[in-house]
Structures are given as C-alpha cells and as structure tokens.
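The lines below spell out each chain.
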Amino acid sequence: MEKANNFYKIQNEFAYKFTRLSRTQKIGIKRIIIAIDGPAASGKSTTARRVALRLGYTYIDTGAMYRAVTLKALLAGVLDDVRREPEHIAVLLQNITIHFEGDSVFLDGQDVTAAIRDNRVSREVSFISSLKPVRDTLMQMQQALGQQGSVVMDGRDIGTVVFPDAELKIFLVADARERAKRRYAELIAKSPKGSTLPDIEQLEEEIKQRDRDDEERQHAPLKKHPDAHEIDTSQLTIEQQVEMVYSLALQTSGNVKL
Ligand code: DC
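Here's what I pulled together on the structure shown here. (Residues numbered from 1 in each chain as written. Predicted model: local features only at pLDDT ≥ 70, side-chain atom pairs only at ≥ 80, totals over all residues. Heavy atoms only, no water.)

### Thoughts on the overall build of the protein
This is how it is decided: Working definition: helices are DSSP H or I runs of at least four residues, strands are E runs of at least two. Numbering for both runs from the N terminus. Note on exposure labels: buried denotes an accessible area under 20% of the residue type's maximum, exposed denotes more than 50%, and partly exposed covers the range between, all computed with a 1.4 Å probe on protein chains only. It only takes one pair of heavy atoms within 4.5 Å for two residues to be counted as in contact. Residue burial considers only the protein chains on display, and all accessible areas are found by Shrake-Rupley using a 1.4 Å probe.
Across its full length, the protein carries 11 helices and 8 strands. Taking all 258 residues of the protein together, the buried fraction comes to 43%. For the protein, long-range pairs separated by at least 24 residues make up 77% of all intrachain contacts whose partners lie at least 6 apart in sequence. Total accessible area on the protein is roughly 14,100 Å²; 53% of this is exposed by carbon and sulfur atoms.

### A few points about the pattern of salt bridges
Counted only if it meets this: In the sections that follow, a salt bridge refers to a side-chain nitrogen of Lys or Arg positioned within 4 Å of a carboxyl oxygen of Asp or Glu.
A full pass over the atoms with the stated rule returns 18 salt bridges. Across the pair Glu-186 and Arg-183 runs a salt bridge, and its minimum N-O distance is 3.4 Å. Residue Glu-186 and its partner Arg-183 are both found in helix H9 (residues 176-190); the two are separated by 3 residues, about one turn of the helix. With relative accessibility at 40%, the residue Glu-186 sits in the partly exposed group.

### Here we look at the sheet that holds strand E6 (residues 151-155)
Keep this limit in mind: The rule for pairing is simple: two strands pair if DSSP sees at least two bridges between them. The angle between two axes is taken between their N-to-C directions and runs from 0 to 180 degrees, where each axis is a line fitted to C-alpha atoms and a helix contributes only its stretch in contact.
Across the sheet, 5 strands lie side by side as E2-E6-E1-E7-E8; this open sheet has parallel pairing. What marks the edges here is a single partner per strand, and that holds for strand E2 (58-61) and strand E8 (229-232). Across the sheet, the axes of successive neighbouring strands diverge by a mean angle of 20°, strand direction being ignored. Across 4 bridges, the pairing between strand E1 (residues 33-37) and strand E7 (residues 168-173) is parallel. Along E7, the bridge assignment pairs Ala-35 with Lys-169. Its contacts with the sheet put helix H11 (residues 238-252) on E1, E7 and E8, and the angle it makes with E7 is roughly 165°.

### Some details on the site of the ligand
In plain terms, the rule: We call a residue near a molecule or strand whenever a single non-hydrogen atom of that residue lies within 4 Å of it. Whenever two N or O atoms come within 3.5 Å, that pair is a polar contact, provided that in protein one can donate a hydrogen and the other can accept it, and provided that, for residues adjacent in sequence, both atoms are side-chain atoms.
Taken together, 16 residues lie around the ligand, and Arg-67, Arg-135, Asp-157, Arg-210 and Arg-217 are the ones closest in. Residue Thr-62 places a side-chain N or O atom 3.0 Å away from a nitrogen atom belonging to the ligand. The contact in question runs from a nitrogen atom of the ligand to an N or O atom on the side chain of Asp-157, over 2.8 Å. Out of a free accessible area of 450 Å², the ligand has 95% covered by protein chains.

### Some words on the pairing of strand E4 (residues 104-107)
Each regular strand carries side chains that alternate between the two faces of the sheet. Note: strand E3 (residues 98-101) against E4, 4 bridges, orientation antiparallel. Residue pairing for E4: Glu-101 is matched across the bridge by Ser-104. From the end of E3 to the start of E4, which pair antiparallel, there are 2 residues, and Gly-102 there has a positive phi angle of about 60°. Note that E4 and strand E5 (residues 110-111) share 2 bridges and pair antiparallel. Bridge pairing in E5 places Leu-107 opposite Gln-110.

### A look at H9
This is how it is decided: Helix span, as expected, comes to 1.5 Å for every residue beyond the first. Think of the arc as the fan of directions from the helix axis to the C-beta atoms.
The end-to-end C-alpha distance of H9, which contains 15 residues, comes to 21 Å, matching closely the 21 Å that a straight helix rising 1.5 Å per residue would cover. Among the residues making up H9, those that are buried are Ala-176, Arg-179 and Ala-180. Down the axis of H9, the buried side of the element spans an arc of 100°, and every buried residue falls inside it. Those residues of H9 hidden inside the fold are in contact with helix H10 (200-216).

### What to know about unusual backbone geometry
One non-glycine residue, Ser-150, lies in the positive phi region at around 55°. With respect to the secondary-structure elements, Ser-150 resides in the loop between helix H7 (132-146) and E6. Located in the positive-phi region is Ala-220, a residue other than glycine, with phi close to 45°. The residue Ala-220 is located in the loop between H10 and E8 in this model. Residue classification places Ala-220 among the buried residues on the basis of a relative accessible area of 16%.

Given below as structure tokens:
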C-alpha cells in the first residue's frame, strides 16, 4: 500500500513539474527570482501563488516556514524557556526539516498545513521570527530552495536579505483598515456558522501591532528595498494585482508571450 502511495506521489510530482516546465517554455520566460514583500494581509500570498501558477514557477511561502518553527516550539513546550533564554531555540533547529508539496507544508515529515494557521501559532510567530538563529536557518533553506530560479517567494525580507539580487522585487502595501476588512472576510468564509469573530476594529489593531513588530525588530526588519516596485493594493482587486506583477515579470525577464 505504502509502495503504491509512493508511486502515485512520484507520478504526481512528475506531472506537476512537467506541467510547470511546459508552461514556462510556452511563454518563454527566463528563470528569474521574484521577491514579494510587504506587511500582513497586503495580498502577498494570493498574488504570489497566482503569479507563480501563470508563469509555471514554484511558489514559496516563507511565512509558512516561520509558522512551522513556531509550531515546533509550541509542540515541544519550550516557548517559555526560549523567552527566558533565547539560545534554547538552537536545539529545536538542529534537525528540523521543512518542505513543500504543492500547497501543503511539511514539518519533520508531517503535514502541518492546517496546524500552522492555528491562532496560538499566529500569536507567537512574531516572537519566534525575531530570533537570529531562526532567521539564519530559514534564510539558508530559502536560498537553497530559490537558487535554481523560477520561483516566486513571499515574506518580509526576501528582497532585502534573502535574495537582494532578485531580478524582480515587489513591495505590496495597503492601508490597515482595508487589510482588516480582508482578514474579516477571510474569517467569515473559514469559520463555522455561529462562531464568535473579532470585530474589524480589533483586527485592525492586531494588524497594526504586527506591522510594528515586523518593522521594528532588530534582525531583518520589514522594509522596502530601494529597487522594489511598490504597489498599493488598497483599491485593487486580486486580479488587478496579479496582472500588474505578472506584467512586470514578463518585462523583467525581457520576454513576451510566444
Ligand atoms: O506571512 P505570514 O503572516 O504567514 O507570516 C508569519 C510571520 O512570519 C509574520 O509575523 C512575520 C514573519 N515572517 C518573517 O519574519 N519573515 C518572512 N520572510 C516571512 C514571515
């Protein structure tokens, strides 16, 4: 049974890569790196995922990697120790593996795609992502994942720290109220009927707090690279954002659709 599963996995991965490759060849785009940074809920991941699909590129959600480390710390019950003595995080990072299969995220071989979106993870991830050993470890993993090109990577420090030479750098922004409304709509869509939801004001406050945490931290703070194209998405639809980034990608790679 396991053999059969592995066979299907290998076959699916092959089909996935093959589709991507033929799509890339069809539009004749070079294997560039596209770095998309910006604050929480600015539309990075949806834009990055759709642009990657259109280009036949791989999408890498680096926020998911910080969330995976946070989940590991929670499961190991070491958060309080790490808060007292940050060097405790090193043990956790020693044998960690994080990999992606399509839209799924795996931590040490386990599928954690849903678990990393848990509220407890969201509350602690700013702290975990402020630790230098965590950033160094994940930066190395991200550089290895992106070294072949043909990737769209989103996060907070991709254009500034992880791939400062990325051929295309995008910085997405949107006003906090608009981002809170988007989060609210997402929560309504995802939550079971009758659940209590935070109101928009509260979400806006949380978003502003995360902006401050990400911008003010000592290591790799959120900031725009001078070469990045800044796009304000407050008044844009997802389709418009995707179109803008996709066009920039075609221009940057010096190719046009064949
Ligand atoms: O994109 P997200 O909200 O899932 O990211 C979760 C957290 O990870 C966010 O608080 C900032 C942090 N992060 C980071 O510090 N650097 C990145 N490249 C990506 C995310």
